[in-house]
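Notes for the structure review
Residue strings, one per chain:
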Amino acid sequence: MLRFIDTVIVPYVDATRQELHLPPDQPALAICDVFAAHRAESFRSKLLQNNIWLVFVPACCTGELQPLDLSVNDGYKNELKKCFTQWYADQVASSMGEGEDISGKKVDLRMSVMKPIHAGWLMRAHTQMGMKQHIIQLGFEKAGILSCIAKAQPSTPLTGTVCVLKLSNTVLDS
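In what follows, the accompanying structure is described. (Residues numbered from 1 in each chain as written. Predicted model: local features only at pLDDT ≥ 70, side-chain atom pairs only at ≥ 80, totals over all residues. Heavy atoms only, no water.)

1. What to know about the packing of aromatic side chains
Applying the stated criterion to the full structure yields four aromatic pairs. Arranged with centres 6.1 Å apart and planes meeting at 80 degrees, the rings of Phe84 and Trp121 form a pair that is edge-to-face. With Phe84 in helix α5 (residues 67-97) and Trp121 in helix α6 (residues 111-130), the pair connects residues that are 37 residues apart, well separated along the chain. On the basis of relative accessible area, Phe84 is assigned to the partly exposed category, the value being 32%. Among the residues examined, Trp121 registers a relative accessible area of 11% and is labelled buried. The interplanar angle of 65 degrees and the centroid separation of 6.1 Å between the aromatic rings of Trp87 and Trp121 together place this pair among those described as edge-to-face. Pair noted here: Trp87 is in helix α5 and Trp121 is in helix α6, with a separation of 34 residues, a long-range link. (Phe/Tyr/Trp six-rings, centres within 6.5 Å; stacked < 30°, edge-to-face > 60°. Helix = DSSP H or I, 4+ residues; strand = E, 2+ residues; numbered from the N terminus. Buried < 20%, exposed > 50% of the residue type's maximum accessible area, 1.4 Å probe, protein only.)

2. Regarding helix α3 (residues 41-49)
What α3 keeps buried is the set Phe43, Lys46 and Leu47. The buried residues of α3 all sit within an arc of 95 degrees when viewed along its axis, so they share a single face. The exposed residues of α3 that point more than 90 degrees off its buried face are Leu48 and Gln49. Among the structural elements, α1 (2-19), β1 (28-32), α2 (36-39) and β2 (52-56) are those in contact with the buried residues of α3. (Arc of directions from axis to C-beta. Contact = heavy atoms within 4.5 Å.)

3. Digging into the pattern of salt bridges
Tallied over the full model, the rule gives six salt bridges. Between Lys46 and Asp6 there is a salt bridge, and its shortest N-O distance comes to 3.2 Å. You can see Lys46 sitting in helix α3 and its partner Asp6 sitting in helix α1, a full 40 residues away along the chain. Close ionic contact of Glu79 with Lys82 constitutes a salt bridge, the shortest N to O distance being 3.7 Å. A residue pair is termed a helical-turn pair when its members lie 3 or 4 positions apart in one helix, as Glu79 and Lys82 do in helix α5 at three residues. Taking the relative accessible area as the measure of exposure, Glu79 reaches 11% and is therefore buried. The network of salt bridges with shared partners includes Glu79, Lys82 and Arg124. (Salt bridge = Lys/Arg side-chain N within 4 Å of Asp/Glu carboxyl O.)

4. Points about unusual backbone geometry
Phi at His21 takes a positive value of approximately 60 degrees, unusual for a residue other than glycine. Mapped onto the fold, His21 is located in the loop between α1 and β1. Look at Cys60: it is not a glycine, yet its phi comes out positive at around 65 degrees. Among the secondary structure elements, Cys60 is positioned in the loop between β2 and α4 (62-65). Note on Cys60: relative accessible area 79%, which makes it exposed.

5. Focus on the side chain of Arg17
Within the secondary structure layout, Arg17 lies in helix α1. The exposure class assigned to Arg17 is buried, which follows from its relative accessible area of 4%. A distance of 2.7 Å separates a polar atom in the side chain of Arg17 from the backbone oxygen of Gln26. Engagement of the side chain of Arg17 in a polar contact is seen with the backbone oxygen of Asn51, the distance being 3.1 Å. Not counting residues within four places of it along the chain, the set of residues in contact with Arg17 comprises Leu22, Pro23, Pro24, Gln26, Pro27, Ala28, Asn50, Asn51 and Ile52. (Polar contact = N/O pair within 3.5 Å; in protein donor to acceptor, adjacent residues only side chain to side chain.)

Now the structure itself:
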């Protein structure tokens, strides 16, 4: 997990701070579930060293408090289902066009076949969600994060924190 922080989270936060013309020490907010690796002292310390504040979503509450669960994930899942359904129908239809009896037709669902196809679907879903900023922001509103930041008192450590979610070259801030 520490390598993930060093190679993904910190570079992302640093680039976002720079893109938004924020000071390098501008506080950032990481929202994590209570997975054991997220609770490790080394994980928490590494984030704090980079002025990234960690907030945990309590166990069994991600459906109510995790912004992505409240807005974005459904869109991803629906797009992936749509892609699979179309792909599967195309596989069956190609057999019908050749005059085969499709009652015994088996579509090849081996991992080696599906992985590269699925990767393309993920990229498509990512692009689709990147065009829907309002859905992303809705998750942060539903979770109460935007209103909490807006109500922060001047003495609060997170005052001035900018909630940022970057998806496909789109920046959403509040």
